[in-house]
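Understanding the architecture of this molecule
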Amino acid sequence: MSKFDAMAARLEAAIDDQFAMDALYDDGTNPPFPVRVIIDLQVEQRQAFETNMPSNRDELEIRKTYVARPQRKHKVVITDPAWTGETTWYFDGLITDDGYVTRHWVNGSSS
């Protein structure tokens, strides 16, 4: 492993340790399985829904090593005991896919 690859791996591990949470991914067909996700709350976006007015949406990031292609209406249930917000997040749309990580708009629910 090169020095760069080693540093990149340490950086990714540090980001995961600091921001990611334990959760269960549920596609509604197979049994739920454990994943790690990062949730960003109230991210400002512009030019959404054919308007130029700012709006805020919640976003969820998940590594493709967990789920290659998360689909709309699939859900993630946060199991991390330190999390105090919404516990269930439904995928609503893909924002980005860089080949390693996907980022999605999500809708939260307490159930």
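Right, let's walk through the structure included here. The structure displayed is predicted, hence computed values, not measured ones.

1. Structural notes on the nonpolar core
By size, the foremost hydrophobic cluster in this structure holds 14 residues, and its most contacted members are V37, L60, V76 and I78. Of all elements in the fold, only β1 (21-26), β2 (33-45), β3 (55-63), β4 (75-78) and β5 (88-97) reach the threshold of two or more residues within this core.

2. Let's talk about the environment of M21
Among the secondary structure elements, M21 is positioned in strand β1. Distance from M21 to D80, taken between C-alpha atoms, is 5.8 Å for residues 59 residues apart in sequence. Excluding its chain neighbours within four sequence positions, the residues that come into contact with M21 are V35, R36, V37, I39, I78, D80 and W83.

3. Topic: the pairing of β1
One ladder, built from five bridges, connects β1 with β2; its direction is antiparallel. Residue pairing in the sheet places A23 in a bridge with V35 of β2. Where β1 folds back onto β2 in an antiparallel hairpin, the turn is made up of six residues, including G28, whose phi is positive at roughly 85°. Note that β1 and β4 share four bridges and pair antiparallel. Looking at β4, one finds that A23 is bridged to I78.

4. What about the packing of aromatic side chains?
To describe a pair of aromatic rings, you give the distance between the ring centres and the angle between the ring planes. On inspection of all chains with the given rule, the structure shows two aromatic pairs. Look at Y25 and F33: their rings are 5.5 Å apart centre to centre, the planes differ by 45°, and that puts the pair in the tilted class. Ring pairs connect the aromatic residues Y25, F33 and F91, which therefore count as one cluster.

What counts, and where the lines are drawn
Residues numbered from 1 in each chain as written. Predicted model: local features only at pLDDT ≥ 70, side-chain atom pairs only at ≥ 80, totals over all residues. Heavy atoms only, no water. Core = buried A, V, L, I, M, F, W, Y, C linked by side-chain atoms within 4.5 Å. Buried < 20%, exposed > 50% of the residue type's maximum accessible area, 1.4 Å probe, protein only. Helix = DSSP H or I, 4+ residues; strand = E, 2+ residues; numbered from the N terminus. Contact = heavy atoms within 4.5 Å. Pairing = 2+ DSSP bridges. Phe/Tyr/Trp six-rings, centres within 6.5 Å; stacked < 30°, edge-to-face > 60°.

That is the geometry; function is a separate question.
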